[in-house]
Amino acid sequence: MIVVTTPTGTIGRQVLPHLLAADVPVRVIARDPARLPAEIRERVEVVTGSHGDIDIVTEAFAGADAVFWLLPPDRRTASLDAAFLDFTRPACEAFKSQGVQRVVGISGLGRGAASVGNAGLVTASLAMDDLIASTGVNYRALTMPSFMDNFLWQVEAINGQGVFFAPLSPDRKRPTCATRDIATVAAELLLDDSWTGYDSVPVLGPADLSNNDMARIMSEVLDRPIRFQQVSGEAYKAMMLESGMSEAMAQGMYDMLEAKENGLDNAEPRTPRSTTPTTFRHWCEEVLVPALHQ
């Protein structure tokens, strides 16, 4: 039995088809089961509720061999500790009480980097990993740089103004990965019962790219000029606050992006295992183009 949290989220919904194709029993925790596609809902057990609730996770993890763990976004959290550690504590209790053998979690890249102590969301993610590992459960933390899919947040600006924004240098090359590849790696680990202990598994995409590189590739795919515009961290934080994000989450985003600007994502050496197949060009063709035409 494999339990999937966030089954309607960007990564969780892409994990499910891999597991169902392997014909293993799957249980999901969903706040709103109606958001599950009908063909998925018919093939999984559903526990309705939040995976931050001790009663829900205790029920969901009963008899489970493995759990896919991903925190839901909490744009209005009062603190990063509340969003990452407090939310995860009930699950940690249930991992122990229900005898879960393996957990695969989604985390951030940069453990060991000089800037990781003040890297906002990444620092909080790594603390979450340590909390989960402290239960004694076998744990693999998938550690990622920025997602290609984050460009979907800027569809309106790309479509209307031919521009995307970030508080990052235009020419610094960094890894970037597609969520489809994260889901594939997660599913492989969930279906493999041979691994033990606590380790991280970087997912770095196929190549390091700068924002200017990505603007050039977008321009070629869309057949019109797309440019990158660097904004200050302060201006970016102000935009996040204006969109309704809490001070704690906006500051966490600000600190994470400052750390990325200072090399956080470049600290992990690229290996054949951490290099995943979906190129940025392929992602633009298959995901960005349809999103721009919705």
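A brief report on the enclosed structure follows.

Quick notes on the rules
Residues numbered from 1 in each chain as written. Predicted model: local features only at pLDDT ≥ 70, side-chain atom pairs only at ≥ 80, totals over all residues. Heavy atoms only, no water. Helix = DSSP H or I, 4+ residues; strand = E, 2+ residues; numbered from the N terminus. Rg over C-alpha atoms; globule rule 2.2 N^0.38 Å. Buried < 20%, exposed > 50% of the residue type's maximum accessible area, 1.4 Å probe, protein only. Contact = heavy atoms within 4.5 Å. Areas by Shrake-Rupley, 256 points an atom, 1.4 Å probe, with all protein chains shown as cover. Lys, Arg positive; Asp, Glu negative; His and termini not counted. Charge placed at Lys NZ, Arg CZ, Asp CG, Glu CD. Salt bridge = Lys/Arg side-chain N within 4 Å of Asp/Glu carboxyl O.

## Quick word on the overall build of the protein chain
Then, in step 1: Scanning the protein chain for helices and strands turns up eleven helices and twelve strands.
Then, in step 2: Its C-alpha radius of gyration of 19 Å places the protein chain within 12% of the 19 Å reference for a compact globule of 294 residues.
Then, in step 3: When its C-alpha atoms are laid out on the principal axes, the protein chain stretches across 55 × 40 × 40 Å.
Then, in step 4: Within the protein chain, the proportion of its 294 residues that are buried is 55%.
Then, in step 5: The long-range share in the protein chain, meaning contacts at least 24 apart out of those at least 6 apart in sequence, stands at 77%.
Then, in step 6: When the accessible area of the protein chain is evaluated, it comes to approximately 12900 Å², of which 50% is carbon and sulfur surface.
Then, in step 7: Averaged over its 25 positive side-chain charges, the protein chain has a centre that lies 2 Å from the centre of its 37 negative ones.

## Some remarks on the environment of Asp181
Then, in step 1: Tracing the sequence through the fold places Asp181 in helix H7 (residues 179–190).
Then, in step 2: It is 16 Å that separates the C-alpha atoms of Asp181 and Asp208, two residues lying 27 residues apart in sequence.
Then, in step 3: Residues contacting Asp181, with those up to four places away along its chain left out, are Thr276, Pro277 and Thr278.

## Observations regarding the pattern of salt bridges
Then, in step 1: If you walk through the whole model with that rule in mind, you get eleven salt bridges.
Then, in step 2: A salt bridge links Glu93 to Lys96, with the nearest nitrogen and oxygen atoms 3.6 Å apart. Of this pair, Glu93 and Lys96 both sit in helix H4 (residues 80–97), three residues apart, which is roughly one turn of the helix.
Then, in step 3: Judged by relative accessible area, Lys96 falls into the partly exposed class, the value being 48%.
Then, in step 4: The salt bridge involving Arg216 is made with Glu220; its shortest N-O contact spans 3.6 Å. Of this pair, Arg216 and Glu220 both sit in helix H8 (residues 211–222), four residues apart, roughly one helical turn.
Then, in step 5: Classification of Arg216 by relative accessible area gives partly exposed; the value is 41%.

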